[in-house]
Amino acid sequence: RKEVEQDPGPFNVPEGATVAFNCTYSNSASQSFFWYRQDCRKEPKLLMSVYSSGNEDGRFTAQLNRASQYISLLIRDSKLSDSATYLCVVPMEYGNKLVFGAGTILRVKS
Amino acid sequence: IAGITQAPTSQILAAGRRMTLRCTQDMRHNAMYWYRQDLGLGLRLIHYSNTAGTTGKGEVPDGYSVSRANTDDFPLTLASAVPSQTSVYFCASSDGAGSYNEQFFGPGTRLTVL
């Protein structure tokens, strides 16, 4: 099993829609998780951190299910500017480095 | 300088040539990282440094070397480039070396090895 797995998409949604991505991870000992956003041909930037059951920031909600070892990202009222690749990030099993998922592509259309 | 800078922005390199990718940060972060990003594989850690004077191997270190002579700079060297090293390279830094710390990324270097 890969350390971090994501559905690559693309998810094509209309403006105003609600969309959710899941990410599964293999390291059951992981305590912290991150969602990064990466625009086309740009560097990744931190979107949200998840340390307990979940986190909410405006239209974005991240939830953690430790029993099933997955985290999700929910985006409400999608905007055109939300179009990007969303990277799920989990600490490595050994050491303090991070493992990045391959990303889920979101395309929001008018 | 604000944040992390990388140079060059892009480079086309003949196989067998030596190449150094430069990375500089002005945030006084202790930890720095080099990743490569390939289509469908996500970012993979090449080398890292938890503090000036120390370095460590990541997931894909073969063919690459790094040095950390001071806090600000973390160059990545390809001693003899091969086509499989064609990729986008990102340098990153974080305030601490722990997995709870946000990593800040540079704009990347697009490297093509022919």
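Whatever comes next refers back to the structure up there.
Residues numbered from 1 in each chain as written. Chains lettered and ligands numbered in written order. Predicted model: local features only at pLDDT ≥ 70, side-chain atom pairs only at ≥ 80, totals over all residues. Heavy atoms only, no water.

Visitor: Requested: an account of the overall build of chain A, with residues and values cited.
Guide: Counting its secondary structure elements, chain A contains zero helices and eleven strands. Counting helices and strands in the order they occur from the N terminus, chain A gives β-β-β-β-β-β-β-β-β-β-β. What you see for chain A is a C-alpha radius of gyration of 13 Å, in line with the 13 Å of a compact globule of 110 residues. Overall size of chain A, expressed as C-alpha extent along the three principal axes, is 45 × 30 × 20 Å. Out of the 110 residues in chain A, the part that is buried amounts to 47%. Summarising the internal contacts of chain A: among those between residues at least 6 apart in sequence, 55% fall at separations of at least 24. Summing over all exposed atoms, chain A offers an accessible surface of approximately 5400 Å²; the carbon and sulfur share of this is 47%. (Helix = DSSP H or I, 4+ residues; strand = E, 2+ residues; numbered from the N terminus. Rg over C-alpha atoms; globule rule 2.2 N^0.38 Å. Buried < 20%, exposed > 50% of the residue type's maximum accessible area, 1.4 Å probe, protein only. Contact = heavy atoms within 4.5 Å. Areas by Shrake-Rupley, 256 points an atom, 1.4 Å probe, with all protein chains shown as cover.)

Visitor: Please give an account of the sheet that holds strand β3 (residues 19-25) of chain B that cites residues and values.
Guide: All names here are of chain B. Spatial ordering of the open sheet is given by β1-β3-β8-β7, a layout of four strands whose pairing is antiparallel. Lying at the two open borders of the sheet, with one neighbouring strand each, are β1 (4-7) and β7 (64-66). Here the strands of the sheet are splayed against their neighbours by 20° on average, with no regard to which way each runs. As defined by bridge partners, β1 adjoins β3 across four bridges and the pair is classed as antiparallel. Along β3, the bridge assignment pairs threonine 5 with threonine 24. (Pairing = 2+ DSSP bridges. Axes fitted to C-alpha atoms, helices over the stretch in contact; angles between N-to-C directions.)

Visitor: How would you sum up the sheet that holds strand β1 (residues 4-6) of chain A? Please name residues and give values.
Guide: Strands belonging to one sheet form pairs held by backbone hydrogen bonds; the direction of such a pair is parallel or antiparallel. Residues and elements named next belong to chain A. The antiparallel open sheet is built from five strands, whose spatial order is β1-β3-β8-β7-β6. At either margin of the open sheet sits one strand with a lone partner, and together these are β1 and β6 (54-57). Direction aside, neighbouring strands of the sheet carry axes that sit 15° apart on average. Across three bridges, the pairing between β1 and strand β3 (residues 19-25) is antiparallel. The partner of valine 4 across the bridge, within β3, is tyrosine 25.

Visitor: Residue-level account of the pattern of salt bridges, with values.
Guide: Residue and element names in this part refer to chain B. Under the defined criterion, the tally for this structure stands at seven salt bridges over all chains. Across the pair aspartate 38 and arginine 36 runs a salt bridge whose closest N-O atoms are separated by 2.9 Å. Across the pair, exposure class does not vary: aspartate 38 and arginine 36 are buried alike. In the salt-bridge network here, residues are joined through shared partners; they are Arg36, Asp38 and Arg44. (Salt bridge = Lys/Arg side-chain N within 4 Å of Asp/Glu carboxyl O.)

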